[in-house]
Amino acid sequence: MIRVAVCGAAGRMGRLIVRQVASQKDMKLVAAVDVPEHPMMGKDAGLIAGAQKLGVNLVESTKLSEVLKKAKPHVLVDFTVAEASVQNIKAASRAKVAVVVGTTGFTEQQRKELERTIKRSGIRAVISPNFSVGVNVFFKLAREAAAILGRDYEPSITEVHHVYKKDVPSGTALKAAEEVAKELGIDPEEIKIKSIREGEVVGDHTLVFSDPFEALEITHRAKSREVFAAGVMRAIRYVLKKGKPGIIRDMQDVLGLR
Ligand code: NAD
């Protein structure tokens, strides 16, 4: 049985992850963590998630290290905010617990800090700005299109998300820019990203390659957040079976798309 802890368990993604973990035959939720001031603090994580009672109450993030020691999870899943996520991953590193991280908005410095922490502690990790299968195929198509079209075509990205999203541009748009830039041998900052925050949009990304005579567009639309939670279940199994100590893998590795 894979023992799973969830950080950000009362959030939009966290609740879906709790629900999906509860419905997997080979997984068990052993800890659910959120900020101390959360109105659902102390309540059953299953009920918060709109599922059955799971006998795991929401606990305060300030007690994370203690919780990890007691609950002994194999994997900590983190969908919170960048700053909190860095602290949570440090706690997981100290407790030698593997991590699956979906949080976005890390600065370059935070990203480097994570790499150092994970390398030093030797824990296994999957960190990905997007856990959907479709988006990861989108990244692969982006690399292939960039390789074929080359620098004669100007790449640009438009992303649309719900109004509650905290980071701009989206982690997915930044990752797409990185993938294309690597292929073209340019700086990711040279690729224009337009961000739109609108209604309840789960997440749309369009990559355009344009020259004066034509434009090629690749679009992905997430229809439901469940798609990310389903990807997280695959990443949990992958990180324990195929993750390498001290090395950060992403969803491209999980899906074998590299
Ligand atoms: P949300 O605001 O609904 O949920 C975040 C939760 O984290 C909140 O309940 C908040 O109280 C909690 N939190 C904050 N600090 C914490 C801490 N120190 N410890 C524990 N919990 C803490 O946001 P969301 O829509 O669920 O998104 C969360 C993150 O996941 C964002 O960075 C978002 O961009 C990212 N995201 C990634 C993917 C992906 O596929 N990788 C998909 C959707 C969202």
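Worth saying up front: this structure is predicted, and the values here are computed from it rather than measured. (Residues numbered from 1 in each chain as written. Predicted model: local features only at pLDDT ≥ 70, side-chain atom pairs only at ≥ 80, totals over all residues. Heavy atoms only, no water.)

Would you take a moment to explain the domain arrangement of the protein chain for this structure?
Many authors give the size of an interface as the accessible area that is lost as the parts come together. Looking at the assigned domains, one finds that the protein chain contains domain 1 (2–123) and domain 2 (133–222). Using C-alpha coordinates to define each centre, domain 1 is positioned 29 Å away from domain 2. Listed by partner, the interface residues are 4 residues for domain 1 and 6 residues for domain 2. For the pairing of domain 1 and domain 2, the buried interface totals around 330 Å² over both sides, and the portion due to carbon and sulfur atoms is 54%. For domain 1, the biggest contributors to the area lost against domain 2 are Arg12, Val81 and Thr104; these three give 88% of the whole. Seen at the junction of domain 1 and domain 2, the total is 0 salt bridges. (Domains from an automatic or database assignment. Contact = heavy atoms within 4.5 Å. Buried area = accessible area lost by both parts, 1.4 Å probe. Salt bridge = Lys/Arg side-chain N within 4 Å of Asp/Glu carboxyl O.)

Please explain the pairing of strand β7 (residues 154–161) as it appears in this structure.
A regular strand carries its side chains on alternate faces of the sheet. Taken together, the 7 bridges between β7 and strand β9 (residues 204–211) define a ladder with antiparallel strand orientation. What sits directly across from Val160, in β9, is Asp204. Pairing analysis gives 6 bridges linking β7 to strand β8 (residues 192–197), with the strands arranged parallel. The partner of Ser156 across the bridge, within β8, is Lys192. Following the backbone out of β7, through helix α7 (residues 171–184) and into the adjacent parallel β8, one traces a crossover that is right-handed. (Pairing = 2+ DSSP bridges. Helix = DSSP H or I, 4+ residues; strand = E, 2+ residues; numbered from the N terminus. Right-handed = clockwise from strand over helix to strand, strands pointing away.)

Help me out: how do you make sense of the packing of aromatic side chains in this one?
Two measures describe an aromatic ring pair: the distance that separates the ring centres and the angle between the ring planes. Counted according to the given criterion, the structure contains 2 aromatic pairs. Ring centres 5.9 Å apart and planes at 45° place the aromatic pair Phe79 and Phe131 in the tilted group. Of the two residues, Phe79 sits in the loop between β4 (75–78) and α4 (82–94) while Phe131 sits in the loop between β6 (125–127) and α6 (133–149), which places them 52 residues apart along the sequence. Comparing Phe79 with Phe131, the two get one shared label, buried. (Phe/Tyr/Trp six-rings, centres within 6.5 Å; stacked < 30°, edge-to-face > 60°. Buried < 20%, exposed > 50% of the residue type's maximum accessible area, 1.4 Å probe, protein only.)

Explain the pattern of salt bridges here, please?
When charged atoms on two side chains of opposite charge get close, those side chains can pair. As enumerated under the stated definition, the model contains 15 salt bridges in all. Close ionic contact of Glu115 with Arg111 constitutes a salt bridge, the shortest N to O distance being 3.8 Å. One end of the pair, Glu115, and the other, Arg111, are both in helix α5 (residues 108–121), 4 residues apart, so they sit about a helical turn from each other. For Arg111, a relative accessible area of 29% gives the class partly exposed.

Help me out: how do you make sense of the sheet that holds β6 in this one?
Sheet strands pair by backbone hydrogen bonding; their relative direction is either parallel or antiparallel. Ordered by their spatial adjacency, 7 strands build an open sheet running β3-β2-β1-β4-β5-β6-β11, and the pairing between neighbours is parallel. The open sheet has two edge strands, β3 (58–60) and β11 (248–249), and neither has a second partner. Note: β4 against strand β5 (residues 98–101), 4 bridges, orientation parallel. Pairing of Val77 across the sheet is with Val100, part of β5. Sheet contacts for α5: β6 and β11; angle to β6, the most-contacted strand, approximately 165°. (Axes fitted to C-alpha atoms, helices over the stretch in contact; angles between N-to-C directions.)

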